[in-house]
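One letter stands for each residue in the lines below.
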Amino acid sequence: MTQQPDITIVGLGPGDPDRLTVAARRALDEAERIFVRSNPGPDLSRVLDPGRAVEVSSLIQTDCAPGGRWYAAAGAVCDAAADGPVVLAVPGHPRFGEGVVADVLAIAAERGLATSVIDGISAVDLVASALGFDPLLDGVQCFAGRLLQLRLPKSPYAGGAFTGTPSRPMLFTHLYDDDIMRTVAASLSRVFPSRHPVTLIDRAGLPSQEILESTVGELADLPVRPMAALWVPALPGLDARRDPRT
């Protein structure tokens, strides 16, 4: 019989019970203690069996912890795993832009804790289906808005720091606050004309999914949507004159 790992990391997809993988459902059903990254993210109560008692703890970010915003929360997960197996549940796919997952895996490795990652449907999958593109065949460039905000220097020093090329389409996820959206809008304005069309999709894959057509120039003024992604089509080759790579 295979020994249960100390930490099982489960991808919840968009939070729709019908979109959980069989392995993810089994891990949640067998768990005695679950940590959930839920800010922002799907409501875990929608995918748990209401008739079964299970201890659920929500993880929060902290800016003052050494090692990053999720370091303290990741440490708490690993502390609990030392006393018995735990599940960490995250929105989407655990390997798609989840800082808490990266921190948990790193700390667990340092402490000799066994881990297992169970796939979930990612935001990229859901947005691709909703908007009708193929991330591989269409050569889509994927960016996490939060990481872009952390890594780009502030204006007036940010010119040329954004490496996306307007000759290929772009997809941005993790757009959950005004500062992130302003960073993305400023970055795109340096390589696209202000009237270039963009598509904001919120809650992709859920019945409440919403699609909003806009332009690069209007992005900074759009209301924040915690589960939104941004699709930016490519410019025609002759129009992509502000490519930062050239």
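Here is what the cut-offs are and how they apply
- The numbers attached to residues start from 1 for each chain and follow its sequence in the written order.
- Reporting in this predicted model follows two pLDDT cut-offs: at least 70 for local features of residues, and 80 or more for side-chain atom pairs to be given and counted; totals over whole chains, interfaces and linings ignore these cut-offs and use all residues.
- Hydrogens and waters are ignored; side-chain quantities use all the structure's heavy atoms.
- The rule for pairing is simple: two strands pair if DSSP sees at least two bridges between them.
- Each helix is a run of H or I in the DSSP string that is no shorter than four residues. Each strand is a run of E no shorter than two, and both are numbered from the N terminus.
- Helix axes are fitted to C-alpha atoms over the stretch in contact, other axes to C-alpha atoms as well, and angles between N-to-C directions run from 0 to 180 degrees.
- Contact definition: two residues touch when any of their heavy atoms are within 4.5 Å.
- For each residue, the accessible area found with a 1.4 Å probe, counting protein chains only, is set against the maximum for its type, and the residue is called buried under 20%, exposed over 50%, and partly exposed in between.
- A side-chain nitrogen of Lys or Arg and a carboxyl oxygen of Asp or Glu constitute a salt bridge if their distance falls within 4 Å.
- The pocket and cavity definitions rest on a 1 Å grid over protein atoms only: a 1.4 Å probe that fits but cannot leave marks a cavity, an open set with protein on both sides within 12 Å along at least five of seven lines marks a pocket, and residues lining either have an atom within 4 Å of a point.
- Grid points are joined across faces, edges and corners, and a volume is the space filled by probe spheres set on the points.
- Three classes are used, and their members are as follows: Ala, Val, Leu, Ile, Met, Phe, Trp, Tyr, Cys and Pro are nonpolar, Asp, Glu, Lys and Arg are charged, and the others, Gly among them, are polar.
- We define a polar contact as two N or O atoms separated by no more than 3.5 Å, with the added condition that, inside protein, one atom must be a possible hydrogen donor and the other a possible acceptor, whereas residues neighbouring each other in sequence contribute only through side-chain atom pairs.
- For this analysis, a ring pair means two rings from Phe, Tyr or Trp (six-membered ring only for Trp) whose centres lie within 6.5 Å, classed as stacked if their planes differ by under 30 degrees, edge-to-face if by over 60, and tilted for the remaining angles.

Right, let's get into the sheet that holds strand S9 (residues 210-215). Read from one edge of the open sheet, five strands run S6-S7-S10-S8-S9, paired in mixed fashion. Each having just a single partner strand, strand S6 (141-144) and S9 make up the two edges of the open sheet. Recorded for the sheet is a direction-independent mean angle of 20° between the axes of neighbouring strands. Most of the contacts of helix H4 (residues 123-131) go to strand S8 (residues 197-202), to which it runs at about 120°, and overall it touches strand S7 (170-173), S8, S9 and strand S10 (228-232).

It is worth spelling out unusual backbone geometry at this point. Positive phi, close to 55°, is recorded for His-174, a residue that is not glycine. When you line up the elements, His-174 lands in the loop between S7 and helix H6 (178-189). In this structure, Arg-203 is a non-glycine residue whose phi angle is positive, near 55°. Structurally, Arg-203 can be placed in the loop between S8 and S9. By relative accessible area, which is 25% here, Arg-203 ends up partly exposed.

Turning our attention to the pattern of salt bridges. Tallied over the full model, the rule gives eight salt bridges. One salt bridge in this structure joins Glu-98 and Arg-37, with 2.6 Å as the shortest N-O distance. Note that Glu-98 is positioned in the loop between strand S4 (86-90) and helix H3 (99-111) and Arg-37 in strand S2 (residues 33-37), a separation of 61 residues in sequence. One exposure class covers both Glu-98 and Arg-37, and it is buried. One salt-bridge network, held together by shared partners, links Asp-202, Arg-203, Glu-210 and Arg-225.

A volume near 210 Å³ is recorded for the second largest pocket. Taken together, Gln-4, Pro-5, Thr-8, Ala-23, Arg-26, Ala-27, Glu-30, Val-87 and Ile-118 form the lining of the second largest pocket. Examining the composition of the lining of the second largest pocket, we find that four residues originate from one element, helix H1 (residues 22-30), more than from any other. Looking at the lining of the second largest pocket residue by residue, the class counts come to five nonpolar, two polar and two charged.

So, on to the side chain of Thr-199. Tracing the backbone through its elements, the reader meets Thr-199 in strand S8. A relative accessible area of 9% means that Thr-199 is categorised as buried. Within the local environment of Thr-199, its side chain forms a polar contact with the side chain of Glu-213, the two groups lying 2.9 Å apart. Leaving out residues up to four positions away in the same chain, Thr-199 has contacts with Leu-131, Ile-211, Leu-212, Glu-213, Ala-229, Leu-230 and Trp-231.

Ordered in space as S3-S2-S4-S1-S5, the five strands form an open sheet in which the pairing is parallel. On the outer flanks of this sheet lie strand S3 (55-59) and strand S5 (115-118), each paired with one strand and no other. Here the strands of the sheet are splayed against their neighbours by 20° on average, with no regard to which way each runs. Here S2 runs beside S3; their pairing, made up of five bridges, is parallel. Its bridge partner lying in S3, Arg-37 is registered against Leu-59. Along the sheet, H1 makes contact with strand S1 (7-11), S2, S4 and S5, crossing S1 at roughly 130°. Seen against the sheet, helix H2 (residues 71-81) touches S1, S2, S3 and S4 and runs at an angle of roughly 170° to S2.

On to the packing of aromatic side chains. Per the counting criterion, the structure on display carries four aromatic pairs. A centroid spacing of 4.0 Å and a plane angle of 10° characterise the contact between Phe-133 and Trp-231, whose relative ring orientation is stacked. Here Trp-231 lies in strand S10 and Phe-133 lies in the loop between H4 and S6, a separation of 98 residues in the sequence. Classification of Phe-133 by relative accessible area gives buried; the value is 11%. Relative to Phe-172, the ring of Phe-143 has its centre 5.1 Å away and its plane inclined at 20°; by these criteria the two rings are stacked. Taken together, the residues Phe-143 in strand S6 and Phe-172 in strand S7 connect sequence positions 29 residues apart. Accessibility assignment for this pair places Phe-143 and Phe-172 in one class, buried. Clustering of aromatic rings is evident, with ring pairs tying together Phe-143, Phe-162 and Phe-172.

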